[in-house]
There are 2 protein chains.
Amino acid sequence: MNKMITIKDVAQKAKVSTATVSRVINGNYPVSDQVRENVMATIKELGYRPNVIARSLKCNKTYMVGMVVPDISNNYFMDIARGVESVLSPLGYSLIFCSTDENTEKELRLLNALNERRVDFVLLASSTQDSGKLKHFIDQGMNIIMIDTKLDELQTDLVVEDNHNATYKLISYVIGQGHQRIGVVNGLMGVSTARERYEGFCQALTAHHIPIEPSYRVEGAFDRMTAYEEVKRMLQRNMHDLPTALFAANNDMAEGTMMALKEMGLRIPEDMSLVTFGDINIPELIEPRLTIIAQNAGLIGQKAGELMIKRDNNTQEDREYEKIIIPAEIIIRDSVKLMDH
Amino acid sequence: MNKMITIKDVAQKAKVSTATVSRVINGNYPVSDQVRENVMATIKELGYRPNVIARSLKCNKTYMVGMVVPDISNNYFMDIARGVESVLSPLGYSLIFCSTDENTEKELRLLNALNERRVDFVLLASSTQDSGKLKHFIDQGMNIIMIDTKLDELQTDLVVEDNHNATYKLISYVIGQGHQRIGVVNGLMGVSTARERYEGFCQALTAHHIPIEPSYRVEGAFDRMTAYEEVKRMLQRNMHDLPTALFAANNDMAEGTMMALKEMGLRIPEDMSLVTFGDINIPELIEPRLTIIAQNAGLIGQKAGELMIKRDNNTQEDREYEKIIIPAEIIIRDSVKLMDH
DNA sequence: TTGAAAGCGCTAACAG
DNA sequence: CTGTTAGCGCTTTCAA
């Protein structure tokens, strides 16, 4: 290991105190021009780089943010991350990404690690219902900002989508196209997004006096494989009376659903209509173009970042927690068949 | 902010010294069972969590590794990251991901930030040719492990793919199918992967006495949009004499190429054959199935992680740097047309 | 405007 | 086995 050059070395060489060097670096206290230039020159000469770790210890601030999401490979979360980064990176923050794989235990373990690392904030898309454990972290002073999902019992800042309304509108559209037998490919109901999207779904059916058919419903992890397998199974068990349309509750499940349909030889939309919450990967290459709820992941990230900054500048403990709801837009394309009445 | 509970609080309450508490936590020095249990109980009672920052400062080790890649949204790099994580996470390391967008300046800026953060290692898929600047970091004691790309002038551990040979084989196969006019959609030649893949490509043509047609060559950033636009332009300018096959030098460019082909109404493989280095997203949904070089991203990450651990355990400065070359396998599917001779 | 000095929370000699 | 103590590199009073 190369010997580390410290503020002390700089001070010595420049014949000033370490305090002065510190002041020059941070520019937060007056320093005479002459001294500043001298110190600057010495810093460059020695190739000195401030040690962020030492600073963190002293200042009790790490300029690190943890981002805990179910699946880091999902583009939706990567897009959120980019949004966050666009706001935070210029301020000197670094992001630590963590994938929970929708596993409560892993989620808790990751949060614990981030807690010990003393990250300044955690952006959390939780897959757990264990608000008690999360509350424990908050009580310990951890700054959690929830994204995508929420836990009602928890006092945190929050950036989520308008799951219920968006789904309601989307399903209403499907019904308007003449569909009566609509299936739903959903995540685990323990997660708020799954719950809210399902409620929107049900409410749309109910509002149009369509009974909800439990056997058309699939529930599982929010991922491609689960959707693929469960949809296959669901369709097989309903072979005698297939649904005419399917609603996939996220982008990954949409892809899995399409894989299942393809394998079973069911064409979209001729044999089965499909609508989804969030868009699939490379939609440009896939036929037909899907009718979807377009999410605004970048904006979610950006808002979360801004919330963080706001809270960071405002040390008053009693500031209200903010709930930001990002509207989601419906994009009608070609994956819903117009049924004869 | 909640008052932080320190090792001192624990020591006081348990009526032992801080050293003893430290020993109990780390388990690296003998402590009597009785004392240990007492301390453990106190830790739990107080909800004490060790402060990793303080530990880092003292031990000169952060248990953080930076991962710097051109595009964090590219599944290839995410897969590498997962491989790395599978090795490192159990050892208590956290990963900081950074995207350079193939921008040299940004790459250097990110490396600098990681350097100041005193990450233990950096896994770098570099897009720059400026080995001088990188060498500067290494001289400062930064531990860089190069992945995917390499810089010949640089003394580092290395995990890369067998770009040249894999491409040679793939293109030879294409030629074997009767193709003589083969285009290449490549990344910037400043990057080693682009260079090596191009060399493999050229060598295959040359070995079969096929002249290299410069106007069939596209060069640009390793991303989807670039490929899409440049391929469109390239095909338009060769309308009178199109290539019969295209080689895309990475997964993103393959997708962009497919978008261009689709838009121009060229079917794969009837009108244009396509082979690629690395597979596209959701290949299950795309027709036809592509003939590709299958990368083993997870293995690259794993090897890089292992290299890191090895170096970490071996403080001898003089240890040889290791060059690991991951073989890449060709998967023949349906995207190359058999030409009449 | 500058310097001296006291820590931030932790670990690791060293001494007992 | 356990306690004392000296820092890790930095910031920030407090005094000058």
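What counts, and where the lines are drawn
- Residues numbered from 1 in each chain as written.
- Chains lettered and ligands numbered in written order.
- Predicted model: local features only at pLDDT ≥ 70, side-chain atom pairs only at ≥ 80, totals over all residues.
- Heavy atoms only, no water.
- Helix = DSSP H or I, 4+ residues; strand = E, 2+ residues; numbered from the N terminus.
- Rg over C-alpha atoms; globule rule 2.2 N^0.38 Å.
- Buried < 20%, exposed > 50% of the residue type's maximum accessible area, 1.4 Å probe, protein only.
- Contact = heavy atoms within 4.5 Å.
- Areas by Shrake-Rupley, 256 points an atom, 1.4 Å probe, with all protein chains shown as cover.
- Pairing = 2+ DSSP bridges.
- Axes fitted to C-alpha atoms, helices over the stretch in contact; angles between N-to-C directions.
- Least-squares fit on C-alpha atoms with pLDDT ≥ 70 in both.
- Right-handed = clockwise from strand over helix to strand, strands pointing away.
- Buried area = accessible area lost by both parts, 1.4 Å probe.
- Salt bridge = Lys/Arg side-chain N within 4 Å of Asp/Glu carboxyl O.
- Parallel < 35°, antiparallel > 145°, perpendicular 65-115°, else oblique.
- Nonpolar A, V, L, I, M, F, W, Y, C, P; charged D, E, K, R; others polar.
- Near = heavy atom within 4 Å.
- Polar contact = N/O pair within 3.5 Å; in protein donor to acceptor, adjacent residues only side chain to side chain.
- Domains from an automatic or database assignment.
- Left-handed = near helix turned anticlockwise from the far one by under 90°.
- Core = buried A, V, L, I, M, F, W, Y, C linked by side-chain atoms within 4.5 Å.
- Phe/Tyr/Trp six-rings, centres within 6.5 Å; stacked < 30°, edge-to-face > 60°.
- Lys NZ or Arg CZ within 6 Å of the ring centre and 35° of its normal.

## Some words on the overall build of chain A
Of regular secondary structure, chain A possesses 12 helices and 12 strands. Relative to the globule expectation of 20 Å for 341 residues, the C-alpha radius of gyration of chain A, 26 Å, shows a markedly less compact shape. In terms of its C-alpha atoms, chain A occupies a principal-axis envelope of roughly 90 × 40 × 35 Å. Counting all 341 residues of chain A, 54% fall into the buried class. Across chain A, the fraction of contacts at a sequence separation of at least 24, relative to all contacts at a separation of at least 6, is 69%. Accessible surface computed for chain A: about 15,100 Å², of which carbon and sulfur atoms make up 49%.

## Considerations on the sheet that holds strand β7 (residues 217-219) of chain A
Residues and elements named next belong to chain A. Ordered by their spatial adjacency, six strands build an open sheet running β7-β6-β8-β9-β10-β12, and the pairing between neighbours is mixed. In the strand order of this sheet, the two ends are held by β7 and β12 (329-331), each with one partner. With direction set aside, neighbouring strand axes in the sheet form an average angle of 15 degrees. The pairing of strand β6 (residues 182-186) with β7 spans three bridges and is classified as parallel. Bridged to V184 within β7 is R217. Packing of helix α8 (residues 163-176) onto the sheet brings it into contact with β6, β8 (245-248), β9 (273-277), β10 (291-294) and β12, and relative to β9 it is tilted by some 170 degrees.

## A few points about the relation of the copies chain B and chain A
Superposition of the two copies of the chain requires a rotation about an axis together with a shift along that axis. Overlaying chain B with chain A gives an RMSD of 0.1 Å, the required rotation being 180 degrees about an axis along which the chain moves by 0.0 Å. Both copies are brought into coincidence by an operation consistent with a two-fold rotation axis. Minimal C-alpha separation from the rotation axis in chain B is found for I96 of chain B, amounting to 2.4 Å. Of all interface residues in chain B, 100% are interface residues in chain A too; the two copies therefore contact each other through one and the same surface.

## Let's talk about the sheet that holds strand β7 (residues 217-219) of chain B
Residues and elements named next belong to chain B. If you walk across this open sheet you meet the six strands as β7-β6-β8-β9-β10-β12, and the pairing is mixed. Strands at the two margins of the open sheet, each flanked by one partner only, are β7 and β12 (329-331). Taking each pair of neighbouring strands and ignoring which way they run, the sheet shows an average axis angle of 15 degrees. The sheet contact formed by strand β8 (residues 245-248) and strand β9 (residues 273-277) spans four bridges and is parallel. Pairing of F247 across the sheet is with V275, part of β9.

## Details of the pairing of β8 of chain A
All names here are of chain A. Along β8, one buried face is formed by A245 and F247 and the opposite face, lined by L246 and A248, is buried too. Of the pairings in the sheet, the one linking β6 to β8 comprises four bridges and is parallel in character. Across the sheet, the residue bridging to G183 is L246, located in β8. For the crossover that starts at β8, traverses helix α11 (residues 251-263) and ends in the parallel β9, the hand is right-handed.

## A closer look at the interface of chain B and chain A
Contacts between the two partners involve 50 residues from chain B and, on the opposite side, 50 residues from chain A. For the pair chain B and chain A, the summed buried area comes to about 4,900 Å², and 54% of that belongs to carbon and sulfur atoms. Inspection of the region where chain B meets chain A yields six salt bridges. Residue E287 of chain A pairs with K262 of chain B through a salt bridge whose shortest N-O separation is 2.7 Å.

## A short note on the packing of helix α6 (residues 104-116) of chain A against helix α7 (residues 131-139) of chain A
All names here are of chain A. Across the interface, α6 lies against α7 with an axial gap of 11 Å and an inter-helix angle of 0 degrees. Classified by the angle between their axes, α6 and α7 sit roughly parallel to one another. In this structure, α6 contributes E107, L108, L111, N112 and N115 to the contact, and α7 contributes K133, L134 and F137. For the contact of α6 with α7, the residue count by class is four nonpolar, two polar and two charged.

## A word on the protein's contact with DNA strand D
Around DNA strand D, the structure places 29 residues, and the nearest of them are I7 and Y48 of chain A together with T20, R23 and S32 of chain B. Take the atoms of DNA strand D that sit within 4 Å of the protein: sugar and phosphate atoms are 62% of them. Note that a phosphate oxygen of DNA strand D is positioned 2.7 Å from one of the backbone N or O atoms of S32 of chain B. A distance of 3.0 Å separates a base nitrogen of DNA strand D from a polar atom in the side chain of K58 of chain B.

## A word on the domain arrangement of chain A
Considered domain by domain, chain A is made up of domain 1 (1-60) and domain 2 (163-294). Centre-to-centre, using C-alpha coordinates, domain 1 of chain A lies 59 Å away from domain 2 of chain A.

## With respect to the packing of helix α1 (residues 7-14) of chain A against helix α3 (residues 33-46) of chain A
Residue and element names in this part refer to chain A. The geometry of α1 relative to α3 is characterised by a closest axis approach of 9 Å and an angle of 125 degrees between their N-to-C directions. As judged from the angle between their axes, α1 and α3 are oblique. Seen from above, α1 lies across α3 with right-handed handedness. Here D9, V10, K13 and A14 of α1 lie close against α3, whose contacting residues are N38, V39, T42, I43, E45 and L46. Each residue belonging to the contact of α1 with α3 can be placed in one class, and the counts come to five nonpolar, two polar and three charged.

## Focus: the environment of K310 of chain A
All names here are of chain A. Among the structural elements, K310 can be located in helix α12 (residues 297-313). Residue K310 is classed as partly exposed on the basis of its relative accessible area of 40%. Discounting chain neighbours no more than four positions away, the residues touching K310 are R319 and E322. A distance of 2.7 Å separates the side chain of K310 from the side chain of E322, its partner in a polar contact.

## With respect to the protein's contact with DNA strand C
In the neighbourhood of DNA strand C, 29 residues make up the surrounding shell, with T20, R23 and V35 of chain A together with I7 and Y48 of chain B lying closest. Elements that contribute at least two residues to the surface near DNA strand C include exactly α2 (18-26) and α4 (52-59) of chain A together with α2 (18-26) and α4 (52-59) of chain B. Looking at side-chain class alone, the surface near DNA strand C contains 14 nonpolar, nine polar and six charged residues.

## So, the side chain of T62 of chain A
Relative to the elements of secondary structure, T62 of chain A occurs in the loop between α4 and β1 (64-69). Overall, T62 of chain A belongs to the buried group, its relative accessible area being 4%. Sequence-distant contacts of T62 of chain A, defined by excluding residues within four places in its chain, comprise S56, R117, R118, V119 and D120 of chain A together with I53 and R117 of chain B.

## What to know about the nonpolar core
With 104 residues, the main nonpolar core has I171, F201 and F247 of chain A together with I171, F201 and F247 of chain B as its most contacted residues. If sequence neighbours within four positions are ignored, I171 of chain B has contacts with I182, F201, A204, L205, F247 and V275 of chain B.

## A short note on the packing of aromatic side chains
For the structure shown, the criterion picks out nine aromatic pairs over all chains. An angle of 50 degrees between the planes, with centres 4.9 Å apart, marks the rings of Y63 of chain A and Y93 of chain A as tilted. Taken together, the residues Y63 of chain A in the loop between α4 and β1 and Y93 of chain A in the loop between α5 (75-88) and β2 (94-99) connect sequence positions 30 residues apart. Y63 of chain A sits in the partly exposed class, given a relative accessible area of 33%. A relative accessible area of 8% places Y93 of chain A in the buried class. Feature note: the residues Y198, F201 and F247 of chain A constitute an aromatic cluster, connected by ring pairs. In this structure, K61 of chain B is placed above the aromatic ring of Y63 of chain B, and the distance from its NZ or CZ to the ring centre is 4.4 Å. The residue whose ring lies beneath R197 of chain B is F277 of chain B, and the NZ or CZ to ring-centre distance is 3.7 Å.

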